[in-house]
Amino acid sequence: MSLTATNTLLNLYRVAARANSLRPGAARANAERLAALQDRTPPRPAPLPGALLERWTPTRTTVAGNPVVRLTPRGAANGRHLVYTHGGAYVHPLIRPHWHIIDRMARGTGVTVTVPLYRVAPEGDVDAGYAFLTEVYDGLVREAGARSVTLAGDSAGGGLALGLAVDLRDRGAAGPRQVVLFSPWVDLTMTHPAVPALERLDPMLRAELLVAAGALWAAGHDPLDPRLSPARADLDGLPPVHLFQGGRDVFAADVCDLAARLERAGNGGRFSLEPDGFHVYVGALWTPEARAALNTVNGLLTAAP
């Protein structure tokens, strides 16, 4: 992490420390939202927007009982693959903006995109999720080779992408070419001392609700398990990890610390911090910050091995 990024975060913390506390009743509302998950009908992921069919040919398959959507570019596919795991605090399904992020980051690259629609909590959990993602990844490795695969994801899906890379390394399996993360949730505990200050800047996320949602996904496992909190893992020997993070995001401090540890480990991935960016700011495709980040990813997908 650069000195500029560090100073930017310190300034954000000082501003946040002077901000108002959470609105009254927020904790009660959060508890009610989590309780509602227990009795819900399992949610369906958003369908592929029709406009994307101009650029992609979709194929739907099932792996380990879960749906997988493959988007093959109309035109020449170049044999490279992108696996994208969506965010949603491990309790919400893929939503329409995820499709547009995927489309924009991979458009024109010749890369084939695989979107594994993992079962979210409380219907699913970390064990079933990793078994599914590993099977999807192993299938692509058999098809195209590990060096042709990029893992990517946002928020909770970013944590999954990084956790999978750590798990592959720890098992001695062939790792992906690179990992691309947008505002990843990399520490399920939410115990960084800067979280309360950042929470006051974040218009979207609340730590208390995240911790409770994460516990549903963990299903009794220690939240420090690297599959749940990959920022707590040894980071040596990972493929390049590219981070795109906003400063007005409750995850900002954990991600900045992760970037610093990756740099010390000689990882070689890129770190981009947008001080005024909100959580998964790349989803705001009309903004110059989102376009710049997604253009960078587009280049990473097409760069020479």
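Residues numbered from 1 in each chain as written. Predicted model: local features only at pLDDT ≥ 70, side-chain atom pairs only at ≥ 80, totals over all residues. Heavy atoms only, no water.

## Details of the pattern of salt bridges
The condition is simple: Definition used for salt bridges: Asp or Glu carboxyl oxygen within 4 Å of a side-chain nitrogen of Lys or Arg. Strands here mean DSSP runs of E at least two residues long; helices mean DSSP runs of H or I at least four residues long; both are numbered from the N terminus. Categorising residues by exposure relies on relative accessible area from a 1.4 Å probe, with only protein chains included: less than 20% of the type maximum marks a residue as buried, more than 50% marks it as exposed, and the intermediate range marks it as partly exposed.
One pass over the structure, following the stated rule, counts 10 salt bridges. Note that E123 and R40 form a salt bridge whose closest N and O atoms lie 2.9 Å from each other. Here E123, found in the loop between β4 (112-116) and α4 (126-144), pairs with R40, found in the loop between α2 (26-37) and β1 (56-63); they are 83 residues apart in sequence, far enough to count as distant. Of the residues examined, E123 reaches a relative accessible area of 29% and is grouped as partly exposed. Measuring nitrogen to oxygen at the nearest pair gives 3.4 Å for the salt bridge that ties D276 to R248. Here D276, found in the loop between β8 (271-274) and α9 (288-302), pairs with R248, found in the loop between β7 (241-246) and α8 (252-264); they are 28 residues apart in sequence, far enough to count as distant. What makes D276 exposed here is its relative accessible area of 58%.

## Describing the packing of aromatic side chains
The condition that has to hold: Pairs were defined over the aromatic rings of Phe, Tyr and Trp, the Trp ring being its six-membered one, requiring ring centres within 6.5 Å. Orientation was assigned from the angle between planes: stacked under 30 degrees, edge-to-face over 60, tilted for the rest. Consider the ring centre and the ring normal. A charge sits over the ring if Lys NZ or Arg CZ is within 6 Å of that centre and within 35 degrees of that normal.
Counting across every chain of the model gives 5 aromatic pairs. The interplanar angle of 10° and the centroid separation of 4.8 Å between the aromatic rings of Y90 and W217 together place this pair among those described as stacked. Residue Y90 is located in the loop between β3 (81-85) and α3 (96-106), and its partner W217 is located in helix α7 (residues 207-218); the two are separated by 127 residues in the primary sequence. Their ring planes at 55° and their centres at 5.7 Å tell us that F182 and F244 sit as a pair that is tilted. With a gap of 62 residues between them, F182 in strand β6 (residues 178-182) and F244 in strand β7 connect regions that are remote in the sequence. Assigned by exposure class, F182 and F244 land together as buried. Here a set of aromatic residues connected by ring pairs shows up, and it is made of Y90, Y118, W185, W217 and F251. Above the ring of Y130, the side-chain terminus of R227 is found at 5.7 Å from the ring centroid.

## Things to note about the sheet that holds strand β5 (residues 149-154)
As a general point, the strands of a sheet are linked pairwise by backbone hydrogen bonds and lie either parallel or antiparallel. What counts here: The rule for pairing is simple: two strands pair if DSSP sees at least two bridges between them. Structural elements are reduced to axes, namely lines fitted to C-alpha atoms, with helices fitted over the stretch in contact, and the angle between N-to-C directions of any two is expressed from 0 to 180 degrees. What makes two residues a contact is simply this: any of their non-hydrogen atoms within 4.5 Å.
The 8 strands lie next to each other as β1-β2-β4-β3-β5-β6-β7-β8, forming an open sheet whose pairing is mixed. The open sheet has two edge strands, β1 and β8, and neither has a second partner. With direction set aside, neighbouring strand axes in the sheet form an average angle of 15°. As judged from the 4 bridges shared by strand β2 (residues 66-73) and β4, these two strands associate in the antiparallel manner. The residue of β4 that forms the bridge with R70 is T114. Against the sheet, α9 touches β3, β5, β6, β7 and β8, its axis set at about 170° to β6.

## Quick word on the side chain of H81
As for its position among the elements, H81 is in strand β3. Taking relative accessible area as the criterion, H81 reaches 5% and is therefore assigned buried. Excluding residues within four positions of it along the chain, H81 makes contact with R70, V111, T112, L140, E143, A144, S148, V149 and T150.

## Thoughts on the side chain of R104
The condition that has to hold: As used throughout, the charge tally considers Lys and Arg to be positive and Asp and Glu to be negative, leaving His and the chain termini uncounted.
Looking at where R104 falls in the secondary structure, it is placed in helix α3. In this structure R104 is buried but unpaired, with D103 as the nearest side chain of opposite charge at 7.2 Å. Setting aside anything within four residues of it in sequence, one finds R104 in contact with L285, R291, L294, N295 and N298.

## Quick notes on the environment of Y281
By the element assignment, Y281 lies in the loop between β8 and α9. Taking relative accessible area as the criterion, Y281 reaches 3% and is therefore assigned buried.

## Points about the packing of α3 against α9
Each pair of packed helices gets described by two things: the angle between the helix axes and the distance between those axes. Our working rule: Each angle receives one of four descriptions, namely roughly parallel if under 35 degrees, roughly antiparallel if over 145, roughly perpendicular if within 65 to 115, and oblique otherwise.
Where α3 meets α9, the axes come as close as 7 Å, and the angle between the chain directions of the two elements is 55°. Taken together, the axes of α3 and α9 are oblique relative to one another. Here α3 contributes I101, R104, M105 and A106 to the contact with α9, which in turn contributes R291, L294, N295, V297, N298 and L301.

## Examining the confidence of the model for the protein
We apply this condition: The quantity known as pLDDT measures the predictor's confidence residue by residue, on a range of 0 to 100.
On average, residues of the protein carry a pLDDT of 91, and 90% of them reach 70 or more. Within the model, the stretch residues 1-24 combines pLDDT values under 50 with 30 contacts to residues more than four positions away or in other chains.

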